[in-house]
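Report on the structure
As a plain string of letters, each chain reads:
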Amino acid sequence: MATIGMNDLKTGLTIEYNQSIWRVLEFQHVKPGKGAAFVRSKLKNLRTGAVNEITFRPGDKFETANIETTEMQYLYAEGDQHVFMDNETYEQVSIPADKIQDALKFLLENMNVKITTYEGEILDVELPKTVELTVKETQPGIKGATANGGGKPATMETGLVITVPDFINEGDKLVVNTDNGGSYTSRA
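Under an unreviewed UniProt entry, the chain has the name Elongation factor P and belongs to Weissella cibaria. What UniProt records for the chain under Sequence similarities (unreviewed entry) is the sentence "Belongs to the elongation factor P family."

A separate point is the UniProt feature "domain: Translation elongation factor P/YeiP central" (unreviewed entry) in the chain. In this structure's numbering, the residues bearing the UniProt feature "domain: Translation elongation factor P/YeiP central" (unreviewed entry) are residues 69-123. Between the C-alpha atoms that bound residues 69-123 the distance is 10 Å, and the span itself is 7% helix and 56% strand.

It is worth spelling out the layout of surface pockets at this point. Taken as a whole, the largest pocket spans an internal volume of roughly 820 Å³. Taken together, 26 residues make up the lining of the largest pocket; nearest its centre are K44, D102, A103, D124 and V125. Those elements giving two or more residues to the lining of the largest pocket turn out to be strand 3 (20-30), strand 4 (38-45), helix 1 (101-104) and strand 11 (121-126). The biggest single contributor to the lining of the largest pocket is strand 11, with four residues. Of the residues assigned to the lining of the largest pocket, the class counts are nine nonpolar, six polar and 11 charged.

Calculation notes
- Residues numbered from 1 in each chain as written.
- Predicted model: local features only at pLDDT ≥ 70, side-chain atom pairs only at ≥ 80, totals over all residues.
- Heavy atoms only, no water.
- UniProt positions renumbered as here; feature names shortened; annotations may be inferred.
- Helix = DSSP H or I, 4+ residues; strand = E, 2+ residues; numbered from the N terminus.
- 1 Å grid on protein atoms, 1.4 Å probe; cavity = no way out; pocket = protein on both sides within 12 Å on 5 of 7 lines; lining within 4 Å.
- Points joined across faces, edges and corners; volume = space filled by probe spheres on them.
- Nonpolar A, V, L, I, M, F, W, Y, C, P; charged D, E, K, R; others polar.

See the structure below:
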């Protein structure tokens with residue numbers, strides 16, 4: 001691990017700060033007319049998922065965190081544990097449901113994801129940008145409805161509820177965006 005200062009911050013960098021692991025989402029160097037320059041940053045706590053705005057001053061030092069990302073396949077749920085398999089070594093790991101709560105709304109068996117770890121501690125499950133899910137329950141489709149209509153709620157096979165256009169029916173396969181908590185993109 002290398003010690004760095006505020007001028008070494010970059011988007012995507014992972015650091016140890018305040019006894020936690022943080023990923024730099026945004027940063028801005030500020031040089032006021034009076035006083036010392038500083039860096040205004042937006043950091044994501046990889047243990048809790050919280051996003052904080054933090055200001056760093058000259059002289060602030062922190063360690064870079066060596067994060068490992070491994071391509072894994074989601075196998076199955078066993079109680080409140082979810083089993084993933086490393087695609088290269090075939091080693092299996094179990095992750096508690098409360099650690100990956102947000103990802104569970106999109107996970108299907110045999111789906112490939114990226115697991116982020118720090119010194120053996122699992123920090124995050126990175127999903128693909130979009131996933132294909134089947135509509136399990138929704139109101140019947142309306143003939144002649146367009147994608148620009150008001151929309152209706154639909155429950156997907158994973159339990160995720162999203163708003164879909166009025167012409168979508170139960171059993172339709174949809175492409176769902178995972179970035180914003182789940183939104184309809186198109187039919188699959």
